[in-house]
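As a plain string of letters, each chain reads:
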Amino acid sequence: MYKKEISKAVINRLPRYYRYLGDLLEKDVVRISSKELSEKMKVTASQIRQDLNNFGGFGQQGYGYNVEYLHSEIGKILGLEMKYNLIIVGAGNLGQALANYVDFERRGFLVTALFDISPDLIGTKIRNAVVRPSDELEEYIKANNVDIAAITVPKSRAVPLAVDLAKWGIKGIWNFAPTDLNLPKEVTVENVHLAESLMKLSYRLSTKNQTE
């Protein structure tokens, strides 16, 4: 749809725009200027206009942005008009937390199954999904339309698991294991390194303490 190469920084900001616009919709806000949006998001109005101009702009001078329309269009850019079947490999605390997060379904991500090696977890139901044995993973993927696999297993298992998932036809991997994955280019990987995020917070706290 958009042939222009979009920077990663812009793409990283799009979900924030979508979230803030969703909040405005819930408050029945009809339109908003880039200046007003910048005050809420702590992003400059110029940056907002530049980001949105990558996709056509969406605003009118002197009027600003129609909140409902802009929210809908950013959702389309993010692919949220589509529905995705998602499986979770690793049904421990993190895997269960992901499966229980109802907002995923509102965004079009449906958790269809979890997989684990623990006999204590296999057969249990987490919300609407059953925990299956890990040795059924290949068969399940090949028999069902699975778009995304979330990896919440230990680091030592993550790399060989990801290689197998790619081999079995998974095109999208949401990786929570503390390691980077090198997979074929047709597989899209989103790494979520929780420890690194916590370290960034630690850095910001420590530098703030030093300046006070």
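Scroll up a little and you will see the structure.
Read on for an overview of the structure. None of the values given here were measured: they were computed from a predicted structure.

What follows is about the overall build of the protein. On a plain count of helices and strands, the protein comes out with nine helices and nine strands. With the C-alpha coordinates of the protein rotated into their principal frame, the extents come out at 60 × 45 × 35 Å. Across the 212 residues in the protein, those meeting the buried criterion constitute 39%. A separation threshold of at least 6 residues defines the contact pool for the protein, and within that pool the share at least 24 residues apart is 54%. When the accessible surface of the protein is split by element, carbon and sulfur atoms take 51% of a total near 13,100 Å². Each charge class in the protein can be summarised by its mean position, and for the 28 positive and 25 negative side chains these summaries are 6 Å apart.

This brings us to the pairing of strand β8 (residues 172-175). Sheet topology note: the strand β7 (residues 148-151)/β8 ladder contains four bridges and is parallel. Bridge pairing links I151 to N175 in β8. Bridge count for β8 against strand β9 (residues 188-191) is four bridges, and the pairing is parallel. Note that in β9 the partner of I173 across the bridge is V189.

To continue, consider the environment of S197. Note that S197 resides in helix α9 (residues 194-211). Along the sequence, S197 and D23 sit 174 residues apart, while their C-alpha atoms lie 24 Å from each other.

The rules we used
- Residues numbered from 1 in each chain as written.
- Predicted model: local features only at pLDDT ≥ 70, side-chain atom pairs only at ≥ 80, totals over all residues.
- Heavy atoms only, no water.
- Helix = DSSP H or I, 4+ residues; strand = E, 2+ residues; numbered from the N terminus.
- Buried < 20%, exposed > 50% of the residue type's maximum accessible area, 1.4 Å probe, protein only.
- Contact = heavy atoms within 4.5 Å.
- Areas by Shrake-Rupley, 256 points an atom, 1.4 Å probe, with all protein chains shown as cover.
- Lys, Arg positive; Asp, Glu negative; His and termini not counted.
- Charge placed at Lys NZ, Arg CZ, Asp CG, Glu CD.
- Pairing = 2+ DSSP bridges.

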